[in-house]
Amino acid sequence: MASERRTLLADAALDVLADEGMRGLTHRAVDRRAAMPPGTTSAYYRTRAALLTGLVARLVQLDQAELHDAADALPRLRTVEDLVDGMAALTRQRLTGEGRRRSLARHACAIESVRDEELREILVPRENAGREAVRRFLAQHGVADVENRTHTLLTCVDGLVFDRLVNGGEVQREALEGLVTAALR
């Protein structure tokens, strides 16, 4: 029960952060969003740091599940078009609905992690099926420094998502094609 309550509160904290930003993230705001009595959030997450840590851990859990599911849904990546299709689907997912809300929260937490080593450690990119699919694709296409190219490619895709979060619209397929082409050089 306590684990379920922590998850419910972390999800509510993600919603508050997505809607109100870092300044709006308070124990009281999370209590209201979770429809819990005042003081519930602080009983489970005593400090703001504990609340942020719980929120970020939940965010990473949700992101990992999303990336795993996305990789499972993809056919084996054989062509540039296959990889671009997968990246286009992921960027759409990250810019709409629940994915957009998590993207907003993720970027707010990333900025906060500049001053918080514990948050930064939790947010470090994790191994997942999606990352592995990109790594395998690049290796199959003869890329020499697969680890660095994978990291750079995925970081650039994240940058495109961030740009569209801020400026609106969707990530253009041509931009993704250009990134993949550059990674293969």
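Here the structure is a predicted model, which means the values were calculated and not measured.

A. Examining the packing of aromatic side chains more closely. In total, this model carries zero aromatic pairs according to the counting rule given. The ring of Y45 has R6 sitting right over it, with the charged end atom 4.8 Å from the ring centre.

B. Expanded view of helix α5 (residues 80-95). The end-to-end C-alpha separation of α5 is 22 Å, in line with the 22 Å expected for 16 residues at 1.5 Å each. Buried residues of α5: L83, V84, G86, M87, A88, T91, R94 and L95, and no others. In this fold, the buried residues of α5 make contact with α4 (48-73), α6 (97-112), α8 (129-140), α9 (146-167) and α10 (173-184). A positive backbone phi angle near 55° is found at G97, which sits one or two residues after α5.

C. Local environment of the packing of α4 against α6. Look at α4 against α6: their axes get within 11 Å of each other, and the N-to-C directions meet at 130°. In terms of orientation, α4 lies oblique with respect to α6. The hand of the α4/α6 crossing is left-handed. Counting all contacts with α4, which are made through L52, L55, V56, L59, L62, D63 and E66, the residues of α6 involved are R102, A105, R106, C109 and E112. For the contact of α4 with α6, a count of residues per class yields seven nonpolar, no polar and five charged.

D. How the structure looks around the environment of D19. With respect to the secondary-structure elements, D19 resides in helix α1 (residues 2-24). Distance in space between the C-alpha atoms of D19 and R101 is 7.9 Å, their sequence separation being 82 residues. D19 has contacts with R33 and R101, leaving out every residue within four places of it along the chain. Of note is the side chain of D19, whose polar atom sits 2.7 Å from the side chain of R33.

E. Representation of the pattern of salt bridges. The full count for this structure, using the stated rule, is 15 salt bridges. A salt bridge links R33 to E20; the shortest N-O distance between them is 3.6 Å. With R33 in helix α2 (residues 27-34) and E20 in helix α1, the pair connects residues that are 13 residues apart, well separated along the chain. Judged by relative accessible area, which is 33%, R33 ranks as partly exposed. The residue E66 makes a salt bridge to R94 at a minimum N-O spacing of 2.9 Å. Placement of the pair is E66 in helix α4 and R94 in helix α5, with a sequence separation of 28 residues. A relative accessible area of 7% means that E66 is categorised as buried. Ionic contacts of the salt-bridge type, sharing partners, join the residues D15, D19, E20, R33 and R101 into one network.

F. Geometry of unusual backbone geometry. Notably, A35 is not glycine yet its phi reads approximately 55°, a positive angle. Mapping A35 onto the fold places it in the loop between α2 and α3 (40-44).

G. Focus on α9. Taking 1.5 Å as the rise per residue, α9 with 22 residues should run 32 Å; its terminal C-alpha atoms sit 31 Å apart, in good agreement. Every buried residue of α9 is listed here: V146, T150, L153, L154, V157, V161 and L165. Taken end-on, α9 shows its buried residues confined to a sector of 125°, consistent with a single buried face. Exposed residues pointing more than 90 degrees away from the buried face of α9 are listed as V166 and N167. Each element contacted by the buried residues of α9 is listed here: α5, α6, α8 and α10. Positive phi appears at G168, one or two residues downstream of α9, with a value of about 85°.

Cut-offs applied
The written sequence of each chain sets the order in which its residues are numbered from 1. Only residues with pLDDT of at least 70 get local features here, since the model is predicted, and only at 80 or more are side-chain atom pairs given and counted; chain-wide, interface and lining totals rely on the full set of residues. Computation of side-chain values covers all heavy atoms of the structure but excludes hydrogens and water. Note on aromatic contacts: the rings of Phe and Tyr and the six-membered ring of Trp form a pair at centre separations within 6.5 Å, being stacked when their planes are under 30 degrees apart, edge-to-face when over 60 apart, and tilted otherwise. The criterion for a charge sitting over a ring is simple: Lys NZ or Arg CZ within 6 Å of the ring centre, and within 35 degrees of the ring normal. By the criteria applied, helices consist of DSSP H or I runs no shorter than four residues and strands consist of E runs no shorter than two, each listed in order from the N terminus. Helix span, as expected, comes to 1.5 Å for every residue beyond the first. Type-normalised accessible area, obtained with a 1.4 Å probe on protein chains alone, sets the label of each residue: buried when under 20%, exposed when over 50%, and partly exposed for intermediate values. Note on contacts: a residue pair is in contact if any heavy atoms of the two residues lie within 4.5 Å. Helix axes use the C-alpha atoms of the stretch in contact, all axes being lines fitted to C-alpha atoms, and the angles between their N-to-C directions lie in the range 0 to 180 degrees. An angle below 35 degrees is read as roughly parallel, one above 145 as roughly antiparallel, one from 65 to 115 as roughly perpendicular, and any other as oblique. Here a crossing is called left-handed whenever its near helix is offset anticlockwise from the far helix by less than a right angle, and right-handed whenever the offset is clockwise. Note on residue classes: Ala, Val, Leu, Ile, Met, Phe, Trp, Tyr, Cys and Pro are nonpolar, Asp, Glu, Lys and Arg are charged, and everything else, Gly too, is polar. Here a polar contact is taken to be a pair of N or O atoms separated by no more than 3.5 Å, where protein atoms must pair a possible hydrogen donor with a possible acceptor and residues adjacent in sequence count only if both atoms sit in side chains. A side-chain nitrogen of Lys or Arg and a carboxyl oxygen of Asp or Glu constitute a salt bridge if their distance falls within 4 Å. The directions from the helix axis to the C-beta atoms are what the arc is built from.

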